[in-house]
Every structure is written in C-alpha cells, then in structure tokens.
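What the coordinates show
The lines below spell out each chain.
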Amino acid sequence: MFEYAHIIIPSIILGVFSRLSMLRSDYRQYPSYPQGVFSHITLGIVSASLGAVAVPALAEKEFAAVTFLALAAQQFRDVRSLERQSLDNIEPTELVARGTAYIEDIAKAFEARNYMTMLTGLVVSIVIYFLERRGVSVNLSVLAGFIVGFAVIIYFNKAIRRETVQDIADVRPATITFEGPLLAINGVVIMNIGLKASRKIYQENGIAVEIIPKNENGIATLGNLGQRQAIQHNASILLGIRKDVDEPDFTPIARRDPHTGNVVMAIVTMEPDVECLVQAVKSTIVLESAKRKPLDSRVGRKAAD
Amino acid sequence: MDIGIKEDILAIITTEKELVSSGTTPIFYARDEEEKERISLLLSKITLGMIHDLENGSYIIVRH
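Residues numbered from 1 in each chain as written. Chains lettered and ligands numbered in written order. Predicted model: local features only at pLDDT ≥ 70, side-chain atom pairs only at ≥ 80, totals over all residues. Heavy atoms only, no water.

Topic: the overall build of chain A
- Along chain A, the regular secondary structure elements total eleven helices and seven strands.
- Taking 305 residues into account, the globule formula puts the C-alpha radius of gyration at 19 Å, and chain A, at 24 Å, lies well above it.
- For chain A, the C-alpha atoms occupy an extent of roughly 80 × 45 × 30 Å along the three principal directions.
- Buried residues in chain A amount to 47% of all 305 residues.
- Once local pairs closer than 6 in sequence are excluded, the contacts in chain A between residues at least 24 apart make up 75%.
- Side-chain charges of chain A comprise 32 positive and 31 negative groups, with the mean position of each set lying 5 Å from the other. (Helix = DSSP H or I, 4+ residues; strand = E, 2+ residues; numbered from the N terminus. Rg over C-alpha atoms; globule rule 2.2 N^0.38 Å. Buried < 20%, exposed > 50% of the residue type's maximum accessible area, 1.4 Å probe, protein only. Contact = heavy atoms within 4.5 Å. Lys, Arg positive; Asp, Glu negative; His and termini not counted. Charge placed at Lys NZ, Arg CZ, Asp CG, Glu CD.)

Some remarks on helix H10 (residues 274-282) of chain A
Residues and elements named next belong to chain A.
- When H10 is considered as a whole, its buried residues turn out to be Leu277, Val278, Ala280 and Val281. Along the axis of H10, the buried positions cluster into a sector of 165°, meaning they face one direction only.
- On its buried side, H10 packs onto helix H6 (165-168), strand S1 (169-174), strand S5 (206-213), helix H9 (225-239) and strand S7 (263-268).
- Its side-chain oxygen 3.1 Å from the backbone nitrogen of Glu275, Asp273 forms the N-cap of H10. (Arc of directions from axis to C-beta. Polar contact = N/O pair within 3.5 Å; in protein donor to acceptor, adjacent residues only side chain to side chain.)

Points about the interface of chain A and chain B
- At the junction of the two partners, chain A supplies 15 residues and chain B supplies twelve residues.
- Buried area between chain A and chain B, summed over both chains or domains, comes out near 1,100 Å², and the portion from carbon and sulfur atoms is 54%.
- The largest contributions to the chain A side of the interface with chain B come from Asn192, Leu195 and Asp246 of chain A, which together make up 42% of the buried area.
- Linking chain A with chain B are four salt bridges, by the criterion used here.
- Lys196 of chain A is the partner of Glu37 of chain B in a salt bridge, and the nearest nitrogen-oxygen pair spans 3.5 Å. (Buried area = accessible area lost by both parts, 1.4 Å probe. Salt bridge = Lys/Arg side-chain N within 4 Å of Asp/Glu carboxyl O.)

With respect to the domain arrangement of chain A
Residues and elements named next belong to chain A.
- In terms of domain boundaries, chain A breaks down into domain 1 (5-159) and domain 2 (165-304).
- For domain 1 and domain 2, the distance between their C-alpha centroids amounts to 36 Å.
- When the buried area of domain 1 at its contact with domain 2 is split by residue, Tyr27, Leu95 and Val96 rank highest and sum to 44% of it.
- Applying the counting criterion to the domain 1 and domain 2 interface returns zero salt bridges. (Domains from an automatic or database assignment.)

Brief notes about the environment of Glu55 of chain B
- Checked against the element boundaries, Glu55 of chain B lands in the loop between strand S3 (50-53) and strand S4 (58-63).
- As for Glu55 of chain B and Ala30 of chain B, which are separated by 25 residues in sequence, their C-alpha atoms are 15 Å apart.
- Other than its neighbours up to four places away in sequence, Glu55 of chain B contacts Gly180 and Pro181 of chain A.

Here we look at a nonpolar patch on the surface
- A surface patch of nonpolar side chains, about 240 Å² in accessible area, is lined by Tyr27, Ile237 and Leu238 of chain A.
- The exposure class of Leu238 of chain A is partly exposed, given its relative accessible area of 37%. (Patch = residues over 30% accessible without salt bridge, like charges linked within 9 Å, V, L, I, M, F, W, Y side chains within 5 Å. Areas by Shrake-Rupley, 256 points an atom, 1.4 Å probe, with all protein chains shown as cover.)

Written out as structure tokens, the structure is:
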C-alpha cells in the first residue's frame, strides 16, 4: 500500500457516504433515478477524493495540489448551472410549473452538497493525519477519523435541513364560493372562471386551503411568487392534478389576501381530500431564495408591533 | 423556440351586439346563452386560452 492510503481511503469512503446520505430520490424524483443518481454518486466520489488528497499533498510539500480545490469549486459551480439548465429545459413539460425560484433552490442544493462531500473528506483526512503525527497508532487515528467523519455528516445533514411551510405558517381547509364568475376562497377573489361547466367542477370537486403565516417573516416569505409556485407544484404532484394543457381553468393559483398576508389556494385534484391537501402544503419546503426575515431587523420589528 | 400570443384577449363571444366593438380581436356572436357557452368552449380548446365572464353577456378568451 502507498504511504497515505490510511488517510485517503477512509476520507474517500466517508466523503462518498456523506454524499449518499444527502442523495434521496423521493416523490420528487429529483435527481431522477437511475441515471441522475449515478451521475451524482460519481461526482460525489470525485469531490470526496479531492477533499481527501489535499492534506497528504500538503504533507508532501506539493502546494500546487491545493489549487485542485479551486478547480473543484469551479467544477461544482458547473454542476449548479447544469442542474438549472436541465430543469429549465423540462419546465414546459410540467402541468404545473416548478417556477424559477424552486429550480434555483434545487440547483443550489446540488452544488452545496458537493462542497459538503469535499469538506467531509477534508476533515477526516486532517483528523487522521494530525492524530498520527501526534503518535497515536494508525488504527486508532483511522477510527477517530471515522467517528469525526460521522459526526460531520450528521452535522451537515442537520445544517442543510430546510424548513417546511408548517414551520412558518398554519394551514387550514378553506371554502370555495362563487360570486358570479369570480372564484373566491374565504372571501379572497382568485380568478374569473367564465365557463359554467368549470365552475361546477370546482364546486363539486374543488378543495382549498388557507395558509396563515405565524409572523411577519412568514408573511414576507409567503408573499414571494416563487414560494407560492412551489406550493402549487408540490400540491399538484402529491395529489394528482385534474387538468390538461387545454384546461387552464384548473391551474392552481395561490393568491394573497392583501389585508392580512394570508395565502389561499384552490385546486381540483384526482382525489378531493382536503386533509391530504393540507399535508401536501405543509410539507412543501420553504425556498431559500424566497425566505425573508424582516423581524431580524430593527425596522422590521418596529413595523411589526 | 416557442412563439405565441400570451396575456392577450384572443376572442370575444357575445350575445349583446351593441355592447361590443373591436378593431383587432375577433368577435363571435351567439344567438343565446347556450350557444355562447359552446362557442367559448370550442374556442378555448383551440386557443388553449381561458374563458372569462364579463357579466354583460360577453365572454372573453385570454391566453395566460
């Protein structure tokens, strides 16, 4: 075995494990399985290796090797634009669009996860290298590397966990009424539906929710159009939307009550179950690009009371 | 690239001749309420537009 194998190999293993722990192909099917997942695992191996070899390279006084980290950063920025491009390309094929903010969020997450993989590899290699130099036996320092590595993975997974709508708002079932052709939810007018047949479908099968922000931060975040688009997309994916391209009447639209900042949304689904809709809305992630925190400023706090 | 008309009134369907006049948008006259619904539905399927009710006997079709 070569000289630094006991540093590099555990670092790569933990780095890849860290990437795997963040790679879940759930109901969103993004990254898509199997091709999308495999390309991300491969990239994970590359980034874990880059993190793992940095310390041994320095130990060998190969300072140029550190520039590889910069190269890696460049590479992962490309990952972000790649993801964005691919999602942008398939956007017109979605019945209910994800929206640019959601796409940006996904792309950002993929970039960040590669950095985390690299950092995990780096931390593990640092731990093993320095423990060994302090005279700790190889086996023991590798063990310590593994323990620290797992701690880092758990920490990173916690650190990147995103809030969901239920953290910033209450979601309640709401009622759909028609004032002439105007569809209203809890009194907030959403849109003008001309066709009587469509109105009937809304009255029979339509379900609606009201999203009530918990504080001013929630109001500002839910006001963001990208966040609302993400909620619409999520609800339509989870419940199955009853709509085709030639039926724009049934596009779910989340509108804001301008007086209170509450958001209301009506949707016609395959299974009209309002409890499921509430759950679907609650489980939508709060987009990083939509998040606003006016309460963190003095002016915002003062304006709120 | 996909090029099309959006955010524009594509057609007006009305039973009230004297209320509507248009230079550019096509107007479809209907004899009664039922025919108005039918024409609107057919036009909206063709244009992929949405039907809106102006409550004065006229429907408009808008592509959003």
